[in-house]
Amino acid sequence: MTGVLERRFALAERGTSARTEVLAGFTTFLTMAYIVLVNPAILGQAGMPVAGVAAATCFAAAFASILMGLSANVPLALAPGMGLNAYFSFTVVQQMGVPWPVALGCVFLSGIAFLILTLTGVRQLIVAVIPTHLFAAVAGGIGLFIGFIGLRNAGIIVANPATLVALGDLTQPGAILALFGLALIGALSVWNVRGAMLIGIVATTAVAWIAGQVVMKPEPYSLSALTGTAFKLDLPGVFGLTGSHGLGLLEILFVFLFVDLFDNLGTLVAVTKRAGLMDAAGKIPGLNRILVTDAVATVVGSMAGTSTVTSYVESAAGVQAGGRTGLTAVVTGVLFLATMFVAPYAQLVPLAATAPALIVVGGLMLLPVTEVAWEDPLAAIPAFLTVAMIPLTFSIANGLAFGIVAHAVLKLLRGTATRGDWFLFLLAALFVIRFAWMGGAA
């Protein structure tokens, strides 16, 4: 078995082992498992059957992660994306009045659009025009983003009407558990203990159970629940949208397409860079296979009955645990597949247990920002905007958009723009139009 895995995933070539990859896969899964509970809760508010969405979430994450591991051999796990599921439920269905089967049809068509853009080379062209200092900035910005999510999940940072965010009550059980986990993972990491992330998550979960901080409320559930959402998408209804749905079909497709495209690219850059898979020229080996897998995952996910499937920034936790190949993603996918049988029990691992791993990974992902030439304003200003806007707007796409627009404007003002930069300026113009569109919609 070891020989088969070695040949299939080139473990030795990437300086890893089957044991390390399995541990990394478990780590990634534990940091992502919350989606099994959160996604059904959000899409359930759109009128979708909660049990069906839970099964669809597990199936989509399993299919996408396994396919990514086998076809692209990268430690990148996928699942229905946060943010896009909220847009699906609260904006498309509740505000615009679009029935959820029609909304699923829109997700399906956006996946087809992703696939066409990939096969025609447009997505690869977008990656090619992003300057290397923005790649580094995206990785750092996502690090802050992941760390912020972890601090919020732990209750260490809370919302504040006066200052937007503030320090939470550190005497609360969730915060105490998270700080315990953070100290444990930190100690194990500085002692170079393999599997520090996984050990920290499991130990914190055990302490949470002993302290009575885990409340189980499993709902009635079986695999047959998948029939409640599978193949329920309404494509004829998509083409029957009228003006009563705001900007209708074009608006919905544009948002699904745009956000997934740039969130995915940002995550892809950050994770592959952290894993040491990006070459010296800033190129990502097997990029086309990665992007095709992402597009296919969205199409299959919509047919199963869930919103857009995308790459997860939590994959960085598995990379930090040593994951370097697609075997990490396959292990994560297999665990999601197993979770299909017991989806409601994903709440066994509380957010306070996974939060420390996200905080540690977030800090370690700041390393690439040292590659930015901070003494050069042409690199420093776009890089700073990218790093800052990703966590502050809670959107990888927004951070990348600010960085690309700033880079294009400064390059034009400096007088160093060439005809070969035409796609960069086209991309920047589209971002400006998007921001104007969002402002008008607000």
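Residues numbered from 1 in each chain as written. Predicted model: local features only at pLDDT ≥ 70, side-chain atom pairs only at ≥ 80, totals over all residues. Heavy atoms only, no water.

**Some points on the environment of Gly 81**
Working step 1: Topologically, Gly 81 is positioned in the loop between strand E1 (78-80) and helix H5 (84-95).
Working step 2: Considered as a pair, Gly 81 and Val 309 are 228 residues apart in the sequence and their alpha carbons are 5.6 Å apart.
Working step 3: Apart from residues lying up to four places away in sequence, Gly 81 is in contact with Thr 308, Val 309, Thr 310 and Tyr 312. (Helix = DSSP H or I, 4+ residues; strand = E, 2+ residues; numbered from the N terminus. Contact = heavy atoms within 4.5 Å.)

**A few points about helix H8 (residues 132-154)**
Residue pairs spaced three or four apart in an α-helix point in one direction, given the helix's 3.6 residues per turn.
Working step 1: Helix length check: H8 (23 residues) gives 33 Å between terminal C-alpha atoms against 33 Å at 1.5 Å per residue, within 8%.
Working step 2: H8 sits mainly inside the fold: 18 of its 23 residues count as buried.
Working step 3: Looking one or two residues beyond H8, the residue adopting positive phi is Gly 155, at roughly 80 degrees. (Expected span 1.5 Å × (residues − 1). Buried < 20%, exposed > 50% of the residue type's maximum accessible area, 1.4 Å probe, protein only.)

**What about empty space enclosed by the protein?**
Working step 1: According to the stated counting rule, one finds 1 cavity of 30 Å³ or more in the structure shown.
Working step 2: Computed from the structure, the largest cavity encloses a volume of approximately 40 Å³.
Working step 3: What lines the largest cavity is simply Ile 130, Leu 134, Phe 135, Val 138, Leu 265, Gly 266, Val 269 and Leu 400.
Working step 4: If you list the elements that add at least two residues to the lining of the largest cavity, you get H8 and helix H12 (248-274).
Working step 5: Of the residues belonging to the lining of the largest cavity, the class tally is 7 nonpolar, 1 polar and no charged. (1 Å grid on protein atoms, 1.4 Å probe; cavity = no way out; pocket = protein on both sides within 12 Å on 5 of 7 lines; lining within 4 Å. Points joined across faces, edges and corners; volume = space filled by probe spheres on them. Nonpolar A, V, L, I, M, F, W, Y, C, P; charged D, E, K, R; others polar.)

**Focus on the pattern of salt bridges**
Side-chain pairs of opposite charge can arise whenever the charged atoms involved come near each other.
Working step 1: Summed over all chains, the structure comprises 2 salt bridges.
Working step 2: A salt bridge links Asp 376 to Arg 414; its shortest N-O distance comes to 3.1 Å. With Asp 376 in the loop between helix H16 (351-364) and helix H17 (377-392) and Arg 414 in helix H18 (residues 396-414), this pair connects stretches of sequence that are 38 residues apart.
Working step 3: Since its relative accessible area comes to 47%, Arg 414 is described here as partly exposed. (Salt bridge = Lys/Arg side-chain N within 4 Å of Asp/Glu carboxyl O.)

**Focus: the packing of helix H3 (residues 35-44) against helix H4 (residues 50-72)**
Working step 1: It is at 8 Å that the axes of H3 and H4 come closest, and there the two elements cross at 135 degrees. Between H3 and H4, the crossing angle belongs to the class labelled oblique. Classified by chirality, the crossing of H4 by H3 is right-handed. Contact residues: Ile 35, Val 36, Asn 39, Pro 40, Leu 43 and Gly 44 in H3; Val 50, Val 53, Ala 54, Thr 57 and Cys 58 in H4.
Working step 2: Class assignment of the residues belonging to the contact of H3 with H4 gives a composition of 8 nonpolar, 3 polar and no charged. (Axes fitted to C-alpha atoms, helices over the stretch in contact; angles between N-to-C directions. Parallel < 35°, antiparallel > 145°, perpendicular 65-115°, else oblique. Left-handed = near helix turned anticlockwise from the far one by under 90°.)

**With respect to the packing of aromatic side chains**
Working step 1: Enumeration according to the criterion identifies 6 aromatic pairs in this entry.
Working step 2: For the pair Phe 29 and Phe 336, a centre-to-centre distance of 5.0 Å together with 75 degrees between the ring planes defines the contact as edge-to-face. Taken together, the residues Phe 29 in helix H2 (residues 18-32) and Phe 336 in helix H15 (residues 326-339) connect sequence positions 307 residues apart. Assigned by exposure class, Phe 29 and Phe 336 land together as buried.
Working step 3: For the pair Trp 422 and Phe 423, a centre-to-centre distance of 5.4 Å together with 85 degrees between the ring planes defines the contact as edge-to-face.
Working step 4: Judged by relative accessible area, which is 54%, Trp 422 ranks as exposed.
Working step 5: Judged by relative accessible area, Phe 423 falls into the buried class, the value being 11%.
Working step 6: One aromatic cluster is present, built from ring pairs that chain together Phe 145, Phe 148 and Phe 394.
Working step 7: Just above the ring of Phe 9 sits the side chain of Arg 8; from NZ or CZ to the centre is 5.6 Å. (Phe/Tyr/Trp six-rings, centres within 6.5 Å; stacked < 30°, edge-to-face > 60°. Lys NZ or Arg CZ within 6 Å of the ring centre and 35° of its normal.)

**So, the packing of helix H7 (residues 122-129) against helix H13 (residues 287-304)**
Working step 1: Running from N to C, H7 and H13 point in directions that differ by 125 degrees, and their axes come no closer than 10 Å. The pairing of H7 with H13 is recorded here as oblique in orientation. Here H7 runs over H13; the crossing is right-handed. The segment H7 lies against H13, with Arg 123, Gln 124 and Val 127 engaging Leu 287, Asn 288, Leu 291, Asp 294 and Ala 295.
Working step 2: Each residue belonging to the contact of H7 with H13 can be placed in one class, and the counts come to 4 nonpolar, 2 polar and 2 charged.

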